[in-house]
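Listed below are the residues making up each chain.
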Amino acid sequence: MNRLANSTSPYLLQHANNPVNWYPWGKEALDKAKAENKLILVSIGYSACHWCHVMEHESFEDEAVAAVMNEYFVCIKVDREERPDVDQIYMSAVQLMSGRGGWPLNCICLPDQRPIYGGTYFRKNDWTSLLFNLADFYKQKPEEAEDYAVRLTEGIQKYESIEFVVAQAEHTKDDLQTIVSNWKRYFDKREGGSGNAPKFPMPNNWQALMRYAYLMKDEEVAEQVKLTLHKMAFGGIYDHLGGGFARYSVDGLWHVPHFEKMLYDNAQLISLYAEAYTWQPDELYKQIVDEIITFSTRELMSPEYGFYSALDADSEGKEGKFYIFTKSEIAEILGDDAELFCIYYNITEEGNWEEEESNVLFRKDSDEALAEKLGLAIDELLAKIKASKQKVFEARAQRVRPGLDNKILASWNGLMLKGLADAYRAFDKPEYLEFALNNAGFILNNLLGQNGRLSRVYSATSSQDSPVAFLDDYANIIDGLIALYEVTFNEHWLLEARKLANTALLHYYDETKGIFFFTADDDEQLIARKSEIMDGVIPASNSVMARVLKKLGLLFDNEEYTEVSAQLLRNVMPQLPKYGSAYSNWVMLLLDEVFGVNEIAITGSNAEAFRKEMENNYIPNKIMLGGNTGSLPLLQDKFGTSTQIFICKDKTCGLPAHNPADALNEVEARFYN
């Protein structure tokens, strides 16, 4: 075993038996490189990554390849999910060098960590040849290597950086229209989503566009959102038997998934489909939310109510093996009911996947259309499919399961906490709230140290006294806690959110640049201190902080929070029109700036019932507060003998409404005026 044997990361442990003399990222490896004047080989991936497994099998398990790596390099393995700060730097380097990135990510660096070459997956022969060439280059031409490292490091430090903007511009609907009109050009109006292949769910994109469609009354965008939500839910990217979405589809039809299931995708997709149901109720959205939560709590939830990170793409060394079926396998499981099931999920003798006779389950027709085509009553069709699904699910459960990445990450648990709160907001199912409350308790009891600092990774054994966490951990947990407050009116959650926001401002915010760094001021100093600004499959930590500070500024009447949020948006505004989908969370903040935020305060003994009734109506630009008692500034002098609803906006509150219908009329009147 190499030095990864004592790691807690499932990804590092996967490489503990490689003949490569791997080190984890840390002082021992970095000091060795300097002492021996050896190039550093930084290899970054994550446990559910299919091509990481392929490169490990082809190269890192090969004695001859390992001998080259050990001879000429200090080899460091990094779990990108545990050390996103390291990943961020070397991903920037590879994107600057090649124009693209991905995992596995492999970077060759000088002994002081500055990169000189990088890429993603390499075939074995190409990899060995590259290593020999780079080792020789460094030996023969160290000055050239140094010169390239200087220029590349300068590029990394400037990559994804923005200027401080002083001018206070007024944000308008025209700004929004400019951003989205450019964005529309990328819509796939036939299959949903954006672009061609591969296709990622990008939940934050569709949440932003849903809100835009509603507030700007843009029917074209509304139709694109609905098309995308339906196509994704019908596609093979969705696990129709067990619930949950895969990370992306390799084609443009949402048909063939890249089979790993990530917590962060599924958490955000709960929020997306729950909000979509409130926007335009559709039983499909309700079903998807319930099935994702069922999957997540069944397969990703720890006994302590933390959520694990991922399920692998592979089982038994083969991608997707757990999920695919031949028609004969279905016939063996279902007997006479097999034909209907195969029609419903497009299972054929020849197969619909790359492997002969194998099928990925997906849907084409709505239940109503298929029932009519087959001459069945809709209730009969649904009952038969439900019974068959359960049988096939139980048969699949006997297979060798994909590997579980049992890391519990603060950031992704924050996303899941928000997803569960959003689901409860939309569907009022007590079990959703119970899961959310248990998860919030887990986060605060296990990931928050006595010093008020978060730990990114949960460990049942290690001390939390000197934890390492990143800005996304703070941002996403704050967001989840605010969402939990809004559905419980328990100020405990909001006060905890405020404490974390103050910690983030103290250790991560740079007033001179008007931006948050990804790493804390007392963290390990890498070759660059980066800021995360562009939204990806997960919203950027700066955009989440900007949005939560806006909410906290309103809830606590705190001008500092509001001003930091406004400064962040000012700095980023010049970027938004160029590529809206990379700034979708910023677009949601801009929508709140343009349309204002409805502060809905509900006070009195019947506050919970009124809250539920208000939540049945789609008001995307709102915050909810209230209860029987409350210390928030906006609640002062608003408790009377009866339950009341106050609609406030721009520091002005209307007269109290005594029922949700009147309150909704006031929201609508303010919206149109």
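Along each chain, the written sequence defines residue order, and numbers are assigned to residues from 1. Thresholds applied to this predicted model are a pLDDT of at least 70 for local features of residues and 80 or more for the giving and counting of side-chain atom pairs; totals over whole chains, interfaces and linings are not thresholded and use all residues. As a rule here, side-chain values come from all non-hydrogen atoms in the structure, and water together with hydrogens is ignored.

**Regarding the overall build of the protein**
Operational definition: Labels follow the DSSP assignment, with helices taken as runs of H or I lasting at least four residues and strands as runs of E lasting at least two, numbered in each case from the N terminus. A radius of gyration in this sense is built from C-alpha atoms; the matching globule rule multiplies 2.2 Å by the number of residues raised to 0.38. Exposure classes here rest on a 1.4 Å probe applied to the protein chains alone. A residue is buried below 20% of its type maximum, exposed above 50%, and partly exposed in between. A contact between two residues is defined here by any heavy atoms of the two lying within 4.5 Å. Reported accessibility uses the Shrake-Rupley method at a 1.4 Å probe radius. Residues are deemed covered only where the shown protein chains occlude them.
Within the protein one finds 25 helices and 18 strands. Computed over the C-alpha atoms, the radius of gyration of the protein is 26 Å, within 12% of the 26 Å expected from 2.2 N^0.38 for a compact globule of 673 residues. Principal-axis analysis of the C-alpha atoms places the extent of the protein at approximately 80 × 70 × 50 Å. Across the 673 residues in the protein, those meeting the buried criterion constitute 61%. A sequence separation of at least 24 residues applies to 69% of the contacts in the protein between residues at least 6 apart. Accessible surface, the protein as shown: approximately 27000 Å² in total, 48% of it carbon and sulfur.

**Looking at the packing of aromatic side chains**
The condition is simple: Only Phe, Tyr and Trp rings take part, Trp by its six-membered ring, and two of them pair if their centres are within 6.5 Å. Stacked means planes under 30 degrees apart, edge-to-face means over 60, and tilted covers everything else. Only Lys NZ and Arg CZ are tested; either one counts as a charge over a ring when it is within 6 Å of the ring centre and within 35 degrees of the ring normal.
Per the stated rule, a full pass over the model turns up 26 aromatic pairs. Ring geometry for Y46 versus W103: centroids 6.1 Å apart, planes at 80 degrees, classification edge-to-face. Taken together, the residues span a long stretch of sequence, with Y46 in the loop between β2 (39-45) and α3 (50-60) and W103 in the loop between α5 (84-98) and β4 (105-109) at a distance of 57 residues. Overall, the relative accessible area of 24% leaves W103 in the partly exposed class. Plain terms: the ring middles of F60 and W127 are 6.3 Å apart, the flat faces sit at 70 degrees to each other, and that makes the pair edge-to-face. Placement of the pair is F60 in helix α3 and W127 in helix α6 (residues 124-140), with a sequence separation of 67 residues. Grouping residues by exposure puts F60 and W127 together as buried. Lying across the ring of F295, K261 places its NZ or CZ 4.1 Å from the centre. We note R363 situated over the ring of F234; from NZ or CZ to the ring centre the distance is 4.1 Å.

**Some details on the packing of helix α17 (residues 410-427) against helix α19 (residues 471-488)**
For the record, the criterion: Geometry is summarised by axes, namely lines fitted to C-alpha atoms with helices restricted to the contacting stretch, and by angles between N-to-C directions that run from 0 to 180 degrees. Just so you know how the angles are binned, under 35 degrees is roughly parallel, over 145 roughly antiparallel, 65 to 115 roughly perpendicular, and the rest oblique. Crossings are sorted by hand: turned counterclockwise from the far helix by less than a right angle, the near helix makes the crossing left-handed, and turned clockwise it makes it right-handed.
Where α17 meets α19, the axes come as close as 7 Å, and the angle between the chain directions of the two elements is 20 degrees. The orientation of α17 relative to α19 falls into the category roughly parallel. By crossing handedness, the relation of α17 to α19 is classed as left-handed. Of α19, the residues touching α17 (which contributes A410, S411, G414, L415, L417, K418, A421, D422, Y424 and R425) are D472, D473, N476, I477, D479, G480, L481, A483, L484, E486 and V487.

**Overview of empty space enclosed by the protein**
Where empty space is left can be seen by rolling a probe of water-molecule size over the atoms. Stated formally: Computed over the protein atoms alone on a 1 Å grid, cavities are sets of points where a 1.4 Å probe fits but cannot get out and pockets are open sets with protein on both sides within 12 Å along at least five of seven lines; a residue lines them when it has an atom within 4 Å of a point. Grid points are joined across faces, edges and corners, and a volume is the space filled by probe spheres set on the points. Ten residue types, Ala, Val, Leu, Ile, Met, Phe, Trp, Tyr, Cys and Pro, are classed as nonpolar, four, Asp, Glu, Lys and Arg, as charged, and the remainder, Gly among them, as polar.
For the structure on display, the rule yields three cavities of 30 Å³ or more. Computed from the structure, the largest cavity encloses a volume of approximately 380 Å³. Along its surface, the largest cavity is lined by 26 residues, and R211, E275, R425, P620 and K622 are the ones closest to its centre. Of all the secondary structure elements, the ones that give two or more residues to the lining of the largest cavity are α9 (203-216), α11 (263-279), α17, α19, α21 (541-556) and β16 (622-627). The residue makeup of the lining of the largest cavity, split by class, is nine nonpolar, four polar and 13 charged. Within this model, the second largest cavity holds a volume of roughly 240 Å³. In this structure, the second largest cavity is lined by 18 residues; those nearest its centre are N204, Q207, K418, D479 and P539.

**Regarding the state of the cysteines**
The line we're drawing: The criterion for a disulfide is a pair of cysteine sulfur atoms lying within 2.5 Å.
Under the criterion given, the structure shown has two disulfides. One disulfide in the model links C49 with C52; its S-S distance is 2.4 Å. Taking the torsion about the sulfur-sulfur bond, which here is approximately 80 degrees, the covalent link between C49 and C52 counts as right-handed. The exposure class of C49 is buried, given its relative accessible area of 3%.

**Comments concerning the nonpolar core**
Quick reminder of the rule: The set of buried Ala, Val, Leu, Ile, Met, Phe, Trp, Tyr and Cys residues whose side-chain atoms join them within 4.5 Å is what this entry labels a nonpolar core.
Core analysis: the largest hydrophobic core is formed by 191 residues, its most contacted members being M69, W127, Y273, I478, F516 and W586. For I478, the contacting residues outside a window of four places in its chain are A497, L500, A501, M545, V548 and L552.

**Focus on helix α13 (residues 327-334)**
Formally: Note: the arc covers the axis-to-C-beta directions of the helix.
For α13, every residue scored as buried is listed here: K327, I330 and L334. Looking down the long axis of α13, one finds its buried residues gathered within 60 degrees of arc, a one-sided arrangement. For α13, the elements touching its buried residues are α14 (338-344) and α16 (378-396). G335 lies just past α13 and shows a positive phi near 60 degrees.

**Re a nonpolar patch on the surface**
Selection criterion: Every patch collects residues that have over 30% relative accessible area and no salt bridge, joining them within 9 Å if they carry like charges and within 5 Å if they are nonpolar side chains (Val, Leu, Ile, Met, Phe, Trp, Tyr). Salt bridge, as used here, is a side-chain nitrogen of Lys or Arg placed within 4 Å of a carboxyl oxygen of Asp or Glu.
Among the surface-exposed residues, Y186, M534 and Y579 lie close enough to one another that they form a single nonpolar patch of about 300 Å² accessible area. Tracing the sequence through the fold places Y186 in the loop between α8 (173-184) and α9.

**Comments concerning the sheet that holds strand β15 (residues 598-603)**
Formally: Here, a strand pair is defined by DSSP locating no fewer than two bridges between the strands.
Pairing is mixed in the open sheet, where four strands are placed in the order β16-β15-β17-β18. Two strands bound the open sheet, and with one partner strand each, they are β16 and β18 (652-653).

**Points about the sheet that holds β2**
With mixed pairing, the five strands of this open sheet are ordered in space as β1-β3-β2-β4-β5. In this open sheet, the two edge strands, each paired with only one partner strand, are β1 (23-24) and β5 (115-119). Running at roughly 155 degrees to strand β3 (residues 73-79), helix α2 (residues 27-36) makes contact with β1, β2 and β3 of the sheet. Sitting on the sheet, α6 touches β2, β3, β4 and β5, and the angle it makes with β2 is about 145 degrees.

**Examining the pairing of β15**
Strand residues, when the strand is regular, have side chains that alternate between the two faces of the sheet. The buried count for β15 comes to six of six residues, which makes it a mostly enclosed element. The pairing of β15 with β16 spans six bridges and is classified as parallel. Looking at β16, one finds that E599 is bridged to I623. Pairing between β15 and strand β17 (residues 644-649): five bridges, direction antiparallel. Bridged to I602 within β17 is I645.

Read these as geometric descriptors, not functional statements.
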